[in-house]
Amino acid sequence: RFALKEHLGAQGIPVEDLVEAGLLVTGEDIPVPYDRFRDRVMFPIGDLRGRTIAFGGRALDPEAPAKYLNSPETPLFHKGATLYNIAPARAAAHKGAAVIAVEGYVDVIAMVGAGYEATVAPLGTALTPDQIALLWKMADEPTLCFDGDAAGRRAAYRAVDVALPLLKPGKSLRFASLPEGVDPDDLVRSGGRAAVEDVLAGGRPLVHILWMRETEAGGFDTPERRAALEARLAAVVAGIGEESVRRHYRQEFENRLRSLFQADDPARRPAGWRDRWPQGGNPRSKSGSMGGRGGSKSGSMGGPRWGAGQGRQHSHPGGVATDRGGRYLVTSPQLAGGPIHRGDRAAISRREALILLTALNHPWLLHEHLEDMAEVEFRFAAAEKVKVALIDIFAHGGAPDRESMAAELARRGLAEPVARIEKSITTVSVWGARPEAAPADVLMTWKQLIALHRQWHSLIKELKDAEQALGRDSTEANYSWLQDVKARLSVIDGTEALVEGFGASSGRAGPSF
């Protein structure tokens, strides 16, 4: 508690200066000032010239009441007026590096290590106007990279509210969303620069995030609800300080509202909309009805056609099916290719096979991650059977190693599904699932697989909702929602391959993609 105080005091530095610099804690009920930072990994915080003006400290003890501790406000340090890594980031930005803001110190270090040298982070608070101004001095449209969960969305929305009054011609923000449960440090460790590039490529402009926030509740099927949306958007636009930017935002929202509320007008539908309907019928539409969130991702997708046939439900090319009433139902490639439409004869998905194979080759995982395994929802019956058997074997104290686990599964008549699982992995580069992988690589692979599977399953559910909404009401908003979900699914499909890059702890020379 006194080591730093005594060390600096021996060099003639007064206690009063140490207190003013935030290095010592004092107060009326503290008779002897003591060191503020103890038993922590220290992160020096520099000013624009690189001079250290404060510190951040991460607790080494997991039971510490405060995981992170920053210096207090001092004459040198105002946490809302600077950014972590600001001096090196500014130098890199001047050389053309992309400016990115993440949430924490470790994330900055990971991003810089992956080659994104102009990465910064706020200092334990939401972004402030001063920090946004610093970002704009480095780039016209810096990217804010937030977690993909509800807390990340709230952080993005707060940043939008802070930025709106400050917008100027050419100055704005972009927003990139990480896979749920994965922070930048995890992403860099698992996939390197390629994984980060995928996330940043999906970044969206501020206007899109704002529109998504105001329309995500949906349900604009009455005049009152449409009027309420118009009033909210008008209030938002009024808060923009610069008149020319305010005018263009007003025009943008007027266009979007017109498309949303008059989606039954063919002239208002997206380009090529009519061409996406099956031949011989017209889309069913209700003016102003919306069952989902707005979006802006482009793409093509078959829509519903209402007919009079009475045939059985059967599949059609292009992911369109008909029900017993002869109506065409929207079906995405992901759903059309699933076991409901194709039957259980389809091969087990690669991700599900990797999850099971990792647990089969490393049964010790189940000691601490049994709940993760129990919560995984498998689409394929064979995979589900193997999962249930793995949990049951572990629960009864059996199969401490790979060989005994495989033998017990075979005894239960599951040798054939296990062989199918092993055959579905056609590449040796998924190192963390292999028997010889080091525990650190196994654990990293496991966490990434579970996070990706949860996010993918959540998106599949949302995809079904979006398709049903478009089938009921063919509004442009529902169409955009569907395209947005499909775009996020494609990002998941691209990120999934990055689990192949693990293996450093097992002695691999480097990642391969």
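Here we take up the packing of helix α4 (residues 105–113) against helix α7 (residues 184–201). As a packed pair, α4 and α7 sit with axes 9 Å apart at the nearest point and diverge in direction by 25°. The pairing of α4 with α7 is recorded here as roughly parallel in orientation. Along this stretch, α4 crosses α7, giving a crossing that reads as right-handed. Residues Val106, Asp107, Ala110 and Met111 of α4 form the contact with α7, whose participating residues are Pro184, Asp185, Val188 and Val196.

Let us now look at the confidence of the model for the chain. The predicted coordinates of low-pLDDT regions are not to be read in fine detail. This prediction gives the chain a mean pLDDT of 76; 77% of its residues lie at or above 70. Counted against residues more than four places away or in other chains, residues 264–346, with its pLDDT under 50, gives 189 contacts. Across residues 500–513, where pLDDT falls below 50, the model places 36 contacts with residues more than four positions away in sequence or in other chains.

Attention now moves to the sheet that holds strand β9 (residues 174–177). Hydrogen bonds between backbone atoms are what pair the strands of a sheet, whose relative direction is either parallel or antiparallel. Strand order in this open sheet of five strands is β7-β6-β8-β9-β10, and the pairing throughout is mixed. The two strands at the open ends of the sheet, each matched to only one other strand, are β7 (119–120) and β10 (204–205). Relative to β7, strand β6 (residues 100–101) runs parallel, the two being bridged by two bridges. Bridged to alanine 101 within β7 is valine 120.

Take the pattern of salt bridges next. All chains considered together, the criterion is met by 16 salt bridges. Between aspartate 185 and arginine 189 there is a salt bridge whose closest N-O contact spans 3.2 Å. Within this pair, aspartate 185 and its partner arginine 189 are both found in helix α7, separated by four residues, close to a single helical turn. Residue classification places arginine 189 among the exposed positions, given a relative accessible area of 55%. When the shortest N-O distance is used, the salt bridge between glutamate 197 and arginine 193 registers 3.2 Å. Separated by four residues within a single helix, glutamate 197 and arginine 193 lie in helix α7, roughly one turn from each other. Taking relative accessible area as the criterion, glutamate 197 reaches 39% and is therefore assigned partly exposed. On the accessibility criterion, arginine 193 (38% relative accessible area) is partly exposed. Taken together, the shared-partner salt bridges in this structure form one network comprising Asp161, Arg213, Glu214 and Arg232.

Definitions and cut-offs
- Residues numbered from 1 in each chain as written.
- Predicted model: local features only at pLDDT ≥ 70, side-chain atom pairs only at ≥ 80, totals over all residues.
- Heavy atoms only, no water.
- Axes fitted to C-alpha atoms, helices over the stretch in contact; angles between N-to-C directions.
- Helix = DSSP H or I, 4+ residues; strand = E, 2+ residues; numbered from the N terminus.
- Parallel < 35°, antiparallel > 145°, perpendicular 65-115°, else oblique.
- Left-handed = near helix turned anticlockwise from the far one by under 90°.
- Contact = heavy atoms within 4.5 Å.
- pLDDT = per-residue confidence, 0-100.
- Pairing = 2+ DSSP bridges.
- Salt bridge = Lys/Arg side-chain N within 4 Å of Asp/Glu carboxyl O.
- Buried < 20%, exposed > 50% of the residue type's maximum accessible area, 1.4 Å probe, protein only.

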